[in-house]
Amino acid sequence: MPAQAMARELEQHDLQLVVHNLPAGKWEAGERGIACGPARVDEFRAGVAHALDYAKALGVTRLNGESRILSGSTKTLSRTLEVGSRLTASNSSGAVAFSGDGRISVLSSGEFVLNDVADINAGGNGRIDNAGLMRKTGTAATTLAMPLTNTGTLRVEGGTLTASSFPVNAGTLDVFSGAALVTGGSMQNTGTIQGSGSISLAGGTLTNAGIIRPGGASAAGTLNITGNFVQTAAGRIEADVLGVSAIQQDRLQVSGTMTLGGDLVLSPAAGLNFSTQ
């Protein structure tokens, strides 16, 4: 549809277009972005120019596309980089260093993938705010040497993710089996922490005022906490009991002290019943 015709339709129905996609390539072939393809530079530039024409005609202030940051380089970021699609930081050859005071803001529609990237650090007061999906993939250890907030979903799918400043989890934190999250100290949970991996608190305390779900929903597993654990009256541990053997039951394993308040919710599999002895 021509931009002018689309503008008329929007005006007629009192609508505003807030985001416009950049060229994704051959969608039917599985392509979801061509910005990082060296052989597709001319095609991408033409697509961006076309998208800008539509943006100007329709009053759009945000363009959406998939991009990649290669490690081993320094990027200057003095403003906010909003991620509305997928942004991938990859290659373990060196750190991605932001020299400015800007931040990476992962929107609810966005995805930020740390794929075998070594480190991400900020020379100024930069930070990462995740309201969408943030994934640590690959086996390489990754360190976020900058503050991190999470109100979306943070998944540690492989290797070790070290978050040096991650004091509060207000979203979903999912640590997969064999993966690990290392924090710079104590952490408060007001959201959901789940999975069969491990969380190390550098001698600190995990204070739960939200939900702890070892193994995940309807999946038995052990969530390991290296540090202390305190559950407030607002906190809840949700555990699956899928059978009578230990491997069929969720476990929360804590290396330090435990102080328990709040609730323990046990979910037995069909056919299992609890009885008093």
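Residues numbered from 1 in each chain as written. Predicted model: local features only at pLDDT ≥ 70, side-chain atom pairs only at ≥ 80, totals over all residues. Heavy atoms only, no water.

### Things to note about the side chain of Thr-142
Of note, Thr-142 is situated in strand β13 (residues 142-150). Looking at Thr-142, the relative accessible area reads 1%, which means it is buried. Here the side chain of Thr-142 touches Val-117 through a polar contact of 2.5 Å, landing on its backbone oxygen. In this view, Thr-142 contacts Leu-114, Val-117, Ala-118, Asp-119, Lys-136, Thr-160, Leu-161 and Thr-162; residues no more than four positions away in its chain are not counted. (Helix = DSSP H or I, 4+ residues; strand = E, 2+ residues; numbered from the N terminus. Buried < 20%, exposed > 50% of the residue type's maximum accessible area, 1.4 Å probe, protein only. Polar contact = N/O pair within 3.5 Å; in protein donor to acceptor, adjacent residues only side chain to side chain. Contact = heavy atoms within 4.5 Å.)

### Focus: the pairing of strand β10 (residues 119-122)
Burial along β10 is one-sided: the residues Ile-120 and Ala-122 are buried and none of Asp-119 and Asn-121 is. As defined by bridge partners, strand β7 (residues 96-98) adjoins β10 across three bridges and the pair is classed as parallel. Each bridged residue has a counterpart across the sheet, and for Ala-97 the counterpart in β10 is Asn-121. Both β10 and β13 contribute to a ladder of three bridges, which runs parallel. By the bridge assignment for β13, Asp-119 is matched with Thr-143. (Pairing = 2+ DSSP bridges.)

### Digging into the pairing of strand β11 (residues 127-130)
Here strand β8 (residues 103-106) pairs with β11 via four bridges, running parallel. Within β11, the residue paired with Arg-103 across the bridge is Arg-127. Sheet analysis places β11 next to β13, joined by three bridges and oriented parallel. When the sheet's bridge partners are listed, Ile-128 is paired in β13 with Leu-148.

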